[in-house]
Amino acid sequence: MEKRELLPTNVKPTHYQIFLFPDLEKFIFEGEVVIDLNVNNDSTEIITNAYDMTVHTATITDVSSMEKQDATDIQINKDSQTLKLTFTNVIKKGSKAKLSIKFTGNLNNEMTGFYRSEYTDKDGKKKFMACTQFESVYARRSFPCWDEPALKATFDIKLRAEVDKTTLSNMPIIKEEKVTINGKEYKDVTFDTTPIMSTYLVAYIVGELDYVETMSNPTAPADAKPIKVRVYTLKGESSQGNYAAEVAARVLEYFSEYFNIPYPLPKMDLIAIPDFEFGAMENWGLVTFRTVALLYDEKKSSVASKEYVCTTVAHELAHQWFGNLVTLGWWNDLWLNEGFATFVGTLATDYLYPKWKIFTSFVVDELQSALDLDSLRSSHPVQVEINKATEVDQVFDNISYEKGASVIRMLCACLGQEKFMDGVRIYLKRHMYSNTITKDLWKALSESSGIDVKNLMGSWINDVGYPIVTIKDYKQENNELTLSLSQKRFISTGDMTPEEEAKYATWWVPLGITTHASPTKSLENILTEKEQTITIPYPDDTNKFIKLNFGETGMYRVKYPKNLLQNIGEVIKLGLEDKSKEVIGVSDRIGIISDTFALAKNGSERTDNALELLKYFEKETDYNVLSQIYVNTYGLRSIWYEKDPKFLEALSKLVLKIFSPLVDKYGFDYAQEESYIDSKTRTLVLKVAGFFGDKKVINEIIRRLELFIKGDDAILNPNIRRFAYVIALSNTNGEKAETFYEEILNIYKNHEIADQRLIALRSLGASKESKLIERTLNIAMDTELIRLQDIMYALISLTYDNPNIKESRPRAWKWMVDNWSIFEERYKTSASILADIFEFCSEGLNSNESLKEVENWVEKMGPKLDIIRRSTNQAIERLKQQNTWIERDDKYVQAWAEKYLAN
């Protein structure tokens, strides 16, 4: 095993005094940091982290003797991102010292470290703000520091800024002083001392900002205090922050009570930043967001935007306790931060909006994302070894977030919510202001539940993948059912070798069995062996069924014998036709669909059989189940695009049989006071019917879009605008297509609401016209027109929604290859965006010839792609899986199509 690359431990920082003076014209900043050190060993050398800066001087002072000495040698190593300081006299073990470093840094435009974000104000004037993104290893780009999560310290921060600028940091301002430099007036702003925390959570902002304010008033625990909540925006946009401010205030109250620990800071600021790589960042007391993840307009934004803002705010505020107050010891436990925040952020959203049924959406979104990625050989364990801190950006993925959250949800269901909450409280109380590893959480949860959680969760965290549970055989007699069960790792390609099978551990699997005799309370059987036999009560009945994984709380898939699956289908159909007979709930219906299609993908089931399953769902009306049907059928269309089109014709007929009747039910107009779920369902129904060719929907949407473009805002609800743009661009040619394209591009350029701008940009790639495909690719390159972090919005429709993907996919791939050197430079510190570009531009290139071309290019690029190596491996594995799937099942789906079209 490789050794972790950590800084020497001869000294340890305890406190930082940081002074920074950003210049928003020259794009540099002057800085000085004074670091209090405990000296652990006699030293003449100190090594700390620093990157992308010039160090002018370094001085160390012995606190007791006040002996001061300047560094005789100052060396920055760009590869290791370290600063080595050499001193003449020995700094004595056991002493305390102050290390003072003066430096100049670059206010870069790469969205990491202390960087600049560009925007145009309401008068059309180009302006800049200075902001930070330090997770995972970018505090070192702003000030020399011990940039490791376990090396916590306190921080005093002072910023020098022009007097008209707003300055923010983790803590409130305690002092402002005017200073004059070369005849120009500035202010020195000093912030209160932070609690002890990791460097990656430090944050500061300088810019021209507005804000809205509210108060959070937690009532528990007893020592909880009111918290001032502000949402900061660019000038003129503050009204769009009201919703997030209200959500933040309520979520802080919820978590204060849930964790039984007061929020420890006096204020909570949230700020929308125009240029921001991720969705948001949980800096303690100053959470930074992409604009689209924080701002919401009740009348002009979509309901999807409302949900995104709420869940993002809840996720980041969960981190204020789980991540900030108690912090991972090293990056291999990243999942502890992100998986937990995803799960309890969902809990908070469910508390605020129970009618949203957010945990059912979790089954469709987070759980399926985790199951999809973790079925690849190129996946990784939840707890993954990180040797260099610079490797960590590659594991900010669906394993750390979605799988982490899914296994925590499974554990919570097993322990029960009260015992789970009690264990979390023990964990947080025990480790406040310190660092932990995964087993510390397991220990606390074991104490609260009396269950050996470490043993129970071992394989889920330490091993890659998850199991498929197969009912190999069954026998019914004497009102009982005896099941012969097996488990093995589920691989998306279905070709696991005996050697691979032998090396995977056995999972502890909560079976969650429901039957017609007990449809709403599951039996508490656990599968702990590779093969196991269990017997359950199973009285005879006309509508009997057995289903595993009740509520889809377990992170595994299930394979049923054909007639048991048919039984489930018949019971589902009966319940959809007569609601009084519904005994298989929404999450379980989602699980049946997703498992059956996943089994078809890996060859354990045939794709025509998976399609036949959908006949039981012709009367389905639930938003989340309909969403799962759409995801799987649209996925088939995307994968089978180069084969005989009669399959796609039959697939459309099947989908429209489910969705077109719902178009008649819901219509095109949104009622003023209709429920959130009804709004989402109408949007989904219209979108799916339109995408699969319902002429009535296509014609009406185009008619409404034409009126909308002429100025009738009310005719096209914000919820359906994105799909309206896609429908119009997908179904028009020539001059009409160009007119729509120009109008939608103007909406992107000029709309005042962030989510509405981005849905316009995201739609442009849907045009089937060759010259408009080319134009979209040119727009994607234009950094004057689109922000660096928004390039994927320009690409996504080209390779997902374009009706002419036989042309648009190969063209996008060639464009990416031709421009890769530019992307490498632009995104050298933004691995997630580079990975998105590769994934979108290789999407669906699953023919033998295209696959070879992708593999050859990746091989030729060699180590240059190491920054996104996991993503390239995963994308290629997916393409190979698609290729195998098509070759294996094409004959079956074409035969199914012929038969289905004949009916």
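Parameters at a glance
Residues numbered from 1 in each chain as written. Predicted model: local features only at pLDDT ≥ 70, side-chain atom pairs only at ≥ 80, totals over all residues. Heavy atoms only, no water. Helix = DSSP H or I, 4+ residues; strand = E, 2+ residues; numbered from the N terminus. Rg over C-alpha atoms; globule rule 2.2 N^0.38 Å. Buried < 20%, exposed > 50% of the residue type's maximum accessible area, 1.4 Å probe, protein only. Contact = heavy atoms within 4.5 Å. Areas by Shrake-Rupley, 256 points an atom, 1.4 Å probe, with all protein chains shown as cover. Lys, Arg positive; Asp, Glu negative; His and termini not counted. Charge placed at Lys NZ, Arg CZ, Asp CG, Glu CD. Core = buried A, V, L, I, M, F, W, Y, C linked by side-chain atoms within 4.5 Å. Phe/Tyr/Trp six-rings, centres within 6.5 Å; stacked < 30°, edge-to-face > 60°. Lys NZ or Arg CZ within 6 Å of the ring centre and 35° of its normal. Pairing = 2+ DSSP bridges. Axes fitted to C-alpha atoms, helices over the stretch in contact; angles between N-to-C directions. Salt bridge = Lys/Arg side-chain N within 4 Å of Asp/Glu carboxyl O. Right-handed = clockwise from strand over helix to strand, strands pointing away. Parallel < 35°, antiparallel > 145°, perpendicular 65-115°, else oblique. Left-handed = near helix turned anticlockwise from the far one by under 90°. Nonpolar A, V, L, I, M, F, W, Y, C, P; charged D, E, K, R; others polar.

Novice: Could you give an account of the overall build of the chain, naming the residues involved and the relevant values?
Specialist: When its secondary structure is counted, the chain shows 25 helices and 31 strands. Taken over C-alpha atoms, the radius of gyration comes to 28 Å for the chain, in line with the 29 Å a tight globule of 903 residues would show. Projected onto the principal axes, the alpha-carbon positions of the chain cover approximately 90 × 70 × 60 Å. Looking at the 903 residues of the chain, the share that counts as buried comes to 61%. The contacts in the chain between residues at least 6 apart in sequence include a share of 72% that link residues at least 24 apart. Carbon and sulfur atoms make up 47% of the accessible area of the chain, which amounts to about 34800 Å² in all. In the chain, 110 side chains carry a positive charge and 131 a negative one; their mean positions are 1 Å apart.

Novice: Can you tell me about the nonpolar core, naming the residues and giving the values?
Specialist: Within the largest apolar cluster, 320 residues are counted, with the highest numbers of intra-cluster contacts made by Phe 143, Trp 460 and Trp 820. Contact partners of Trp 820, with chain neighbours within four places excluded, come to Leu 834, Ile 837, Phe 838, Trp 857, Met 861, Leu 865 and Ile 868.

Novice: Pulling in residues and values, what's your account of the packing of aromatic side chains?
Specialist: Under the counting rule described, the total for this entry stands at 50 aromatic pairs. Ring geometry for Phe 143 against Phe 155: centres 6.5 Å apart, planes inclined by 75 degrees, an arrangement best described as edge-to-face. Residue Phe 143 is found in the loop between β10 (126-133) and β11 (154-162), and its partner Phe 155 is found in strand β11; the two are separated by 12 residues along the sequence. The burial state of Phe 143 is the same as that of Phe 155; both residues are buried. Lying over the aromatic face of Phe 27, Arg 116 brings its terminal NZ or CZ to 3.9 Å of the ring centre.

Novice: Give a detailed account of unusual backbone geometry, specifying residues and quantitative values.
Specialist: The omega torsion of the bond from Glu 135 to Ser 136 falls at 5 degrees, within 30 degrees of zero and hence cis. Locating Ser 136 in the fold gives a position in the loop between β10 and β11. A cis amide bond, omega -5 degrees, links Ala 220 with the succeeding residue Pro 221. Inspection of the secondary structure assignment puts Pro 221 in the loop between β16 (209-216) and β17 (227-234). A positive phi angle, near 60 degrees, is found at Asp 52, a position not held by glycine.

Novice: Quick one: what's the story with the side chain of Thr 360, residue by residue and with numbers?
Specialist: Mapped onto the fold, Thr 360 is located in helix α4 (residues 358-373). Those residues in contact with Thr 360 that lie beyond four places of it in its chain are Val 586, Ser 587, Ile 590 and Asn 624.

Novice: Before we move on, can you summarise the sheet that holds strand β29 (residues 531-537) with the specific residues and values?
Specialist: The four strands lie next to each other as β29-β24-β23-β31, forming an open sheet whose pairing is mixed. Lying at the two open borders of the sheet, with one neighbouring strand each, are β29 and β31 (557-559). On average, adjacent strands in this sheet sit at an angle of 30 degrees to one another, irrespective of strand direction. Strand direction decides the pairing type here: strand β23 (residues 467-477) and strand β24 (residues 480-489), joined by 10 bridges, are antiparallel. Residue pairing for β24: Glu 477 is matched across the bridge by Glu 480.

Novice: So what about the environment of Ile 744? Which residues, and what values?
Specialist: Among the secondary structure elements, Ile 744 is positioned in helix α18 (residues 734-750). With residues up to four places along the chain from it excluded, the contact list for Ile 744 reads Tyr 725, Leu 729, Ala 760 and Leu 764.

Novice: Report on helix α21 (residues 791-800), specifying residues and quantitative values.
Specialist: A large share of α21 lies buried, amounting to nine of its 10 residues. Those residues of α21 that sit buried are Ile 791, Met 792, Tyr 793, Ala 794, Leu 795, Ile 796, Ser 797, Leu 798 and Thr 799. Taken together, the buried residues of α21 touch β20 (286-290), α17 (721-730), α19 (754-763), α20 (770-781), α22 (805-826) and α23 (831-842).

Novice: Account for the pattern of salt bridges, with residues named and values stated.
Specialist: Overall, the coordinates contain 61 salt bridges when judged by the stated rule. Notably, a salt bridge pairs Asp 495 with Arg 377, separated by 3.0 Å at the nearest N-O pair. Of this pair, Asp 495 sits in the loop between β24 and α9 (498-503) while Arg 377 sits in the loop between α4 and α5 (399-415), placing them 118 residues apart in sequence. Classification of Asp 495 as partly exposed rests on a relative accessible area of 43%. Beyond isolated ion pairs, a larger network of salt bridges with shared partners links Asp 121, Lys 127, Glu 162, Asp 164, Lys 165, Lys 184 and Glu 208.

Novice: Can you explain the pairing of β17? Please cite residues and give values.
Specialist: Counting buried positions along β17 gives seven out of eight residues, so the element sits mostly inside the fold. Strand direction decides the pairing type here: β16 and β17, joined by eight bridges, are antiparallel. Across the sheet, the residue bridging to Leu 209 is Leu 234, located in β17. With five bridges joining them, β17 and strand β18 (residues 267-273) adopt parallel strand pairing. Bridge pairing in β18 places Arg 230 opposite Asp 269. As a crossover connection, the stretch from β17 through helix α1 (residues 242-259) into β18 is left-handed.

Novice: Report on the environment of Glu 148, specifying residues and quantitative values.
Specialist: Inspection of the secondary structure puts Glu 148 in the loop between β10 and β11. Taking the C-alpha atoms as reference points, Glu 148 and Ala 505, separated by 357 residues in sequence, lie 32 Å from one another.

Novice: Which residues make up the packing of α20 against α22, and what values do they have?
Specialist: Packing of α20 against α22 leaves a shortest axis separation of 11 Å and a crossing angle of 15 degrees. Relative to α22, the element α20 is oriented roughly parallel. Judged by the twist between their axes, the crossing of α20 over α22 is right-handed. Side by side, α20 and α22 meet where Ser 770, Ile 773, Glu 774, Leu 777, Ala 780 and Met 781 of the first sit next to Glu 807, Ser 808, Arg 811, Ala 812, Trp 815, Asn 819, Ile 822, Phe 823 and Arg 826 of the second. Of the residues in the contact of α20 with α22, the class split is eight nonpolar, three polar and four charged.

Novice: I'd like to hear about the packing of helix α16 (residues 695-709) against α18, residue by residue, with values.
Specialist: Interhelical geometry of α16 versus α18 gives an angle of 55 degrees and a closest axis separation of 11 Å. With respect to their mutual orientation, α16 and α18 come out oblique. Classified by chirality, the crossing of α18 by α16 is left-handed. Contacts between α16 and α18 involve Ile 702, Leu 705, Glu 706, Phe 708 and Ile 709 from the former and Lys 736, Phe 740, Glu 743 and Ile 747 from the latter.

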